[in-house]
Amino acid sequence: MAVKKILTYGDETLRQPSKEVHKVSKKVLDLIHDLLDTMYAKNGVGLAAPQIGVHLRVFVIDVSTNDEPLNPMVFINPKIIKKEGAVVSHEGCLSFPEAYTDVRRYRDVMVKAIDRKGRAFVLEAKDGSLLARAIQHEFDHLDGVLFIDHVRNRFEADKILQENNLPPVDESRLIEESELEELIKEDTQE
């Protein structure tokens, strides 16, 4: 298919919620191929349709490492049906070139979605794994939420964003996650 342009932070399109996919059509399959081609071309772990300007509830992930074969996963109309625990995740995003900061994430998640053949599946990702964090990160994109909305230190994030010529954190978008922060503090005290 094609490597698409990835929208960067500051583009309001990234903040728009996406629509459900009603049928895994040729158009949706082409979108999946474009997402995978673009993700691999940019050395990403995941990519959501809104990042290339398509507002459909679709994202792709591949957490394989250098010595493993590619293992692309496709999530259509995903729903996170279970989440537990908390971890600090040092994250970046293809829409935030070179900007990384610490965010709060759930340690364990269970997601229900449809694959590219239209079959429903349930996947559990545990222990704060890259897969668990990537699922949450890409899922957020479908609702117009960005990883910096979960930031632990807004001032540090602003500094990193400024160094990379990106707009500052939008305070009105910050997500209050006192429960997750408490769990993180409890884990670090043990």
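To start, this report covers the structure provided alongside it.

What counts and how
Residues numbered from 1 in each chain as written. Predicted model: local features only at pLDDT ≥ 70, side-chain atom pairs only at ≥ 80, totals over all residues. Heavy atoms only, no water. Pairing = 2+ DSSP bridges. Helix = DSSP H or I, 4+ residues; strand = E, 2+ residues; numbered from the N terminus. Buried < 20%, exposed > 50% of the residue type's maximum accessible area, 1.4 Å probe, protein only. Contact = heavy atoms within 4.5 Å. Axes fitted to C-alpha atoms, helices over the stretch in contact; angles between N-to-C directions. Expected span 1.5 Å × (residues − 1). Salt bridge = Lys/Arg side-chain N within 4 Å of Asp/Glu carboxyl O.

## Examining the pairing of strand β3 (residues 73-84)
Residues in a regular strand project their side chains so that they alternate between the two faces of the sheet. Where strand β2 (residues 58-61) meets β3, 4 bridges bridge the pair, whose relative direction is antiparallel. By the bridge assignment, V60 is partnered in β3 with V74. Inspection of the sheet shows β3 paired to strand β6 (residues 108-114) by 6 bridges, in the antiparallel sense. If you follow K79 over to β6, its bridge partner there is K112.

## Focus: the environment of I175
Along the chain, I175 turns up in the loop between α3 (154-163) and α4 (178-189). Here I175 falls in the partly exposed class, since its relative accessible area comes to 31%. In this structure, I175 is in contact with V145, D149 and H150, ignoring residues within four places of it in sequence.

## Let's talk about the sheet that holds strand β7 (residues 120-125)
In any sheet, the strands associate via hydrogen bonds between backbone groups, in a parallel or an antiparallel arrangement. The 5 strands lie next to each other as β1-β2-β3-β6-β7, forming an open sheet whose pairing is antiparallel. Looking at strand neighbours, the two that pair on one side only are β1 (46-48) and β7, the edges of this open sheet. Each adjacent strand pair in this sheet contributes to an overall mean axis angle of 35 degrees, direction not counted. Sitting on the sheet, helix α1 (residues 26-41) touches β1, β2 and β3, and the angle it makes with β2 is about 40 degrees. Contacts from helix α2 (residues 130-142) reach β1, β2, β3, β6 and β7, with the element oriented near 155 degrees to β2.

## Here we look at α1
For α1, which comprises 16 residues, the first-to-last C-alpha distance of 22 Å matches the rise-based estimate of 22 Å (1.5 Å per residue) to within 8%. Where α1 is buried, its residues contact β1, β2 and β3.

## Digging into the side chain of T101
You can see T101 is positioned in strand β5 (residues 96-105). Overall, T101 belongs to the buried group, its relative accessible area being 3%. The residues contacting T101, other than those within four sequence positions of it, are S89, H90, E91, F147, I148, V151, E156, A157 and I160.

## Side note on unusual backbone geometry
Although it is not a glycine, N43 sits at a positive phi angle of roughly 55 degrees. With respect to the secondary-structure elements, N43 resides in the loop between α1 and β1. The phi dihedral of D127 is positive, around 60 degrees, even though this residue is not glycine. By the secondary structure assignment, D127 is in the loop between β7 and α2.

## Let's talk about the pattern of salt bridges
Here the structure, examined in full by the defined rule, presents 18 salt bridges. For R15, the salt bridge identified is with D149, shortest N-O distance 2.6 Å. On the criterion of sequence distance, the pair formed by R15 in the segment before α1 and D149 in the loop between α2 and α3 is long-range, its members being 134 residues apart. Comparing R15 with D149 shows no difference in burial state: the two are buried. Through salt bridges with shared partners, a single ionic network connects E20, R57, K79 and D143.

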